[in-house]
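Architecture at a glance
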Amino acid sequence: TARNTCAAGTQTANVIMGGQLSNSPSQPTSNVEEYNGSSWSEVNNMPYSASNVGGTGTQTAGLVFGGYLNVTTTAEYDGSSWTGGGAMGTGREVMTGGLGLQNAAFAVGGYRRPSTATTAVEQYDGSSWTGAPSLNTGLYGRTGSGSVTAALAGGGQTDATQSNATEEYNGSSWTTVNTRP
């Protein structure tokens, strides 16, 4: 299904979850598809429909959270079925994805409607979300990688501009580091 979405996994064992079916975030889907390195297949849908979701983990231990419109829902995927997870403290969308695993993940920054890029960061422990040190700059749509003890979040945008800012997490705080060219 053509859509913008979030993904978890590797090149040969990937899962894409939820997403937006058109140019409007008000057209969400709960579709889930897996990739085995050569082809895609439709699998069990996630328990809620949302666009602009955050996600991380692996194909057999995936995590999807948040989304449009200030969604706080979390769902865990075991490679075949879905279970509900703990609700996020701050509902938001377009968070930095790919940070952590199903039982140790970050929801970093994002967009809180009606029009606020947030510095909020929450950490998921496999059952509940708790507050974590905030970013220095509120941006949404950032790229990210790493874990809850060593992470990197770069780029992103506010309502008016795009940014090349990069922030690094060392397990206790976020530090602004060299910007991308």
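An account of the accompanying structure is given in this report. (Residues numbered from 1 in each chain as written. Predicted model: local features only at pLDDT ≥ 70, side-chain atom pairs only at ≥ 80, totals over all residues. Heavy atoms only, no water.)

1. Considering the nonpolar core
One finds Val-15, Met-17, Met-46, Tyr-48, Val-53, Val-64 and Trp-82 to be the most contacted residues of the largest nonpolar core, which totals 14 residues. Those elements that place two or more of their residues in this core are strand S1 (4-9), strand S2 (14-20) and strand S7 (74-77). Counting residues in each nonpolar core, the second largest holds 11 residues, with Phe-106, Val-108, Ala-151 and Trp-174 among its members. (Core = buried A, V, L, I, M, F, W, Y, C linked by side-chain atoms within 4.5 Å. Buried < 20%, exposed > 50% of the residue type's maximum accessible area, 1.4 Å probe, protein only. Helix = DSSP H or I, 4+ residues; strand = E, 2+ residues; numbered from the N terminus.)

2. Digging into the side chain of Ser-51
Here Ser-51 lies in the loop between strand S4 (40-43) and strand S5 (54-58). In this view, Ser-51 contacts Gly-19, Gln-20, Pro-25, Pro-28, Gly-67 and Tyr-68; residues no more than four positions away in its chain are not counted. (Contact = heavy atoms within 4.5 Å.)

3. Considering the side chain of Gln-102
Along the chain, the position of Gln-102 falls in the loop between strand S9 (100-101) and strand S10 (104-108). Here Gln-102 falls in the buried class, since its relative accessible area comes to 19%. Polar contacts involving the side chain of Gln-102 include one to the main-chain carbonyl oxygen of Gly-62, which spans 2.8 Å. In terms of polar contacts, Gln-102 uses its side chain to reach the backbone carbonyl oxygen of Tyr-77, at 3.2 Å. What Gln-102 contacts, discounting residues up to four positions off in sequence, is Gly-57, Ala-61, Gly-62, Leu-63, Glu-76, Tyr-77, Tyr-124 and Gly-126. (Polar contact = N/O pair within 3.5 Å; in protein donor to acceptor, adjacent residues only side chain to side chain.)

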